[in-house]
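Listed here are the chains, written in short residue letters.
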Amino acid sequence: MSIATHAGMGRFSTHPRMAFAARRLRRFILSLLALVTASFAMIQLVPGDPVRAALGPSAPPDLVEQTRAALGLDRPLADQYLSYLRGVFSGDLGTSIMSREPVSLVLEQRLPATVGLAAAALALTLAVGIPLGMAAGVLGRDGRRPGSDFTFTVVTGLFSALPEFLLAVGLVYGLAVSLQWFPVAGGTGPGAYVLPVLSLAVGPATVIARMMRIETRRALHEDYVRTARSKRLRGRVIYLKHVLPNVLTSTLTVSGLLLGGLIAGTVVVENVFAWPGIGGAIVTAITSKDYALVQGFVLVYGAAILAVNLLVDVAIAAIDPRSSILER
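Residues numbered from 1 in each chain as written. Predicted model: local features only at pLDDT ≥ 70, side-chain atom pairs only at ≥ 80, totals over all residues. Heavy atoms only, no water.

Sorry if this is basic, but what is going on with the overall build of the chain here?
Secondary structure assignment for the chain yields 14 helices and zero strands. Listed N to C, the secondary structure of the chain is α-α-α-α-α-α-α-α-α-α-α-α-α-α in terms of helices and strands. Buried residues in the chain amount to 38% of all 328 residues. Of the contacts made within the chain by residues no fewer than 6 positions apart, 75% connect residues no fewer than 24 positions apart. Carbon and sulfur atoms form 68% of the exposed surface of the chain, whose accessible area is close to 17,500 Å². (Helix = DSSP H or I, 4+ residues; strand = E, 2+ residues; numbered from the N terminus. Buried < 20%, exposed > 50% of the residue type's maximum accessible area, 1.4 Å probe, protein only. Contact = heavy atoms within 4.5 Å. Areas by Shrake-Rupley, 256 points an atom, 1.4 Å probe, with all protein chains shown as cover.)

Here it is as structure tokens:
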């Protein structure tokens, strides 16, 4: 083998994670650019005049033209796109047609409530789904405990298929209205988070738990587990050190999609619980046809989903370095 070949392999083996990070960052930037372009095109594809639709048919023509000029919608399309790109990457997401407030100001006021809700739901989803699924896989391996395994399958299947809206309504009726353990809506303090977070996290947590159970059972029959057992290692060491890192790789790959859907689900849940986040503002903006505001909200939600998937990819590479080396 030549010296040049050895050198090339050395560079690749020395910096595989840097190459992986560069690939992922490039994909993230391209996806973000596509998202920005799609959000810009959204207001252009609205049938008719979006300003006239927002202001209503009785709005004076001079007010419509003045609003169009203020929003820059009277300029050529290419100029609008370049101006929108500059604005997005400088933090200027445009101006609301109805309130004439900057979209970034509305986001600044409402985004913390949504981020707090989504972060708590993400943490609960992973904290419950991963250990629950792994425990079910270990306890029910090789046909053991068929009754508990059947119960796990039925319960997780039911909750994974239950829409967030119905679950939220059920939680409100059962825990807030009937038992009065938590505020129905619009409460403050830690107790106000319980029902919205449960509504968002239960479905994804059960899906992750089902996947973890399957992957755990598959891993328990692998050679590396047999080798670990032959060394008489403790069960806790085998499951946490050998089984868990291997089952997390495939589970987290699909979990990125589930967690992205969880973020989008905040729109429905926030409206059920009158949460002061972006979800309620999105519905109000859609009903009032404030397309500039909807445009900003779509951009933020899309960027959040892309960021979650990027973090999941990084987490997979950290857990299983082979994924970053073998990927192209």
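There is more to say, and it comes next.
Explanation requested: helix α12 (residues 278-287) in the structure shown.
It helps to recall that an α-helix has 3.6 residues per turn; residues three or four apart then point in one direction. Every buried residue of α12 is listed here: Ile 278, Gly 279, Gly 280, Ala 281, Ile 282 and Ala 285. Lys 289, located one to two residues past α12, shows a positive phi value of around 60°.

Whenever I open this one, the pattern of salt bridges confuses me. Can you help?
It is possible for side chains of opposite charge to pair when their charged atoms get near one another. By the definition in use, this model includes one salt bridge. With a shortest N-O distance of 2.9 Å, Glu 215 and Arg 218 are connected by a salt bridge. Taken together, the positions of Glu 215 and Arg 218, both in helix α9 (residues 191-219) and three residues apart, correspond to about one turn of that helix. (Salt bridge = Lys/Arg side-chain N within 4 Å of Asp/Glu carboxyl O.)

Quick question: what am I supposed to make of the packing of helix α8 (residues 164-178) against helix α11 (residues 235-272) here?
Helix-helix packing is described using two parameters, namely the angle between the two axes and the distance between the axes. In contact at an axis separation of 9 Å, α8 and α11 are set at 30° when each is read in the N-to-C sense. Classified by the interaxial angle, the pair formed by α8 and α11 is roughly parallel. By crossing handedness, the relation of α8 to α11 is classed as right-handed. Contact residues: Glu 164, Phe 165 and Ala 168 in α8; Gly 265, Val 268, Val 269 and Val 272 in α11. Its residues placed into classes, the contact of α8 with α11 shows five nonpolar, one polar and one charged. (Axes fitted to C-alpha atoms, helices over the stretch in contact; angles between N-to-C directions. Parallel < 35°, antiparallel > 145°, perpendicular 65-115°, else oblique. Left-handed = near helix turned anticlockwise from the far one by under 90°. Nonpolar A, V, L, I, M, F, W, Y, C, P; charged D, E, K, R; others polar.)

Hey, could you run me through the environment of Asp 92 in this one?
With respect to the helices and strands, the residue Asp 92 is situated in the loop between α5 (77-89) and α6 (103-139). In the structure, Asp 92 is positioned 204 residues away from Gly 296 in sequence and 9.6 Å away in space, judged by C-alpha atoms.

What should I look at first to understand the nonpolar core in this one?
Soluble globular proteins tend to bury their nonpolar side chains together. Core analysis: the biggest nonpolar cluster contains 59 residues, and Met 212, Tyr 239, Val 243, Phe 297 and Leu 299 have the highest contact counts within it. The biggest single contributor to this core is α11, with 11 residues. Beyond its immediate chain neighbours, meaning those up to four positions away, Val 243 contacts Met 134, Thr 216, Ala 219, Leu 220, Val 225 and Ile 238. (Core = buried A, V, L, I, M, F, W, Y, C linked by side-chain atoms within 4.5 Å.)

Any chance you could explain the packing of helix α7 (residues 146-161) against α9 here in plain terms?
The interhelical angle for the contact between α7 and α9, taken along N-to-C directions, is 140°, at an axis separation of 8 Å. By the criterion of interaxial angle, the relationship of α7 to α9 is oblique. The handedness of the crossing between α7 and α9 is left-handed. On α9, the residues touching Asp 149, Phe 152, Thr 153, Thr 156, Gly 157, Phe 159 and Ser 160 of α7 are Val 202, Gly 203, Thr 206, Val 207, Ala 209, Arg 210, Arg 213 and Arg 217. The residue inventory of the contact of α7 with α9, partitioned by class, reads five nonpolar, six polar and four charged.

Looking at this structure, how should I read unusual backbone geometry?
The phi angle of most residues is negative, glycine excepted, and most peptide bonds adopt the trans form. Look at Gln 180: it is not a glycine, yet its phi comes out positive at around 60°. Its location among the elements puts Gln 180 in the loop between α8 and α9. Taking the relative accessible area as the measure of exposure, Gln 180 reaches 64% and is therefore exposed.

Looking at this structure, I do not really get the layout of surface pockets. What am I missing?
Space left empty within the atom packing is revealed by a probe, the size of a water molecule, rolled over the atoms. Within this model, the largest pocket holds a volume of roughly 380 Å³. Forming the boundary of the largest pocket are 18 residues, of which Leu 71, Ser 83, Tyr 84, Leu 93 and Gly 94 lie nearest the centre. Contributing elements (two or more residues each) for the lining of the largest pocket: α2 (16-44), α4 (61-71), α5 and α13 (291-319). Here the lining of the largest pocket gets four residues from one element, more than from any other, and that element is α5. Split by residue class, the lining of the largest pocket holds eight nonpolar, eight polar and two charged. (1 Å grid on protein atoms, 1.4 Å probe; cavity = no way out; pocket = protein on both sides within 12 Å on 5 of 7 lines; lining within 4 Å. Points joined across faces, edges and corners; volume = space filled by probe spheres on them.)

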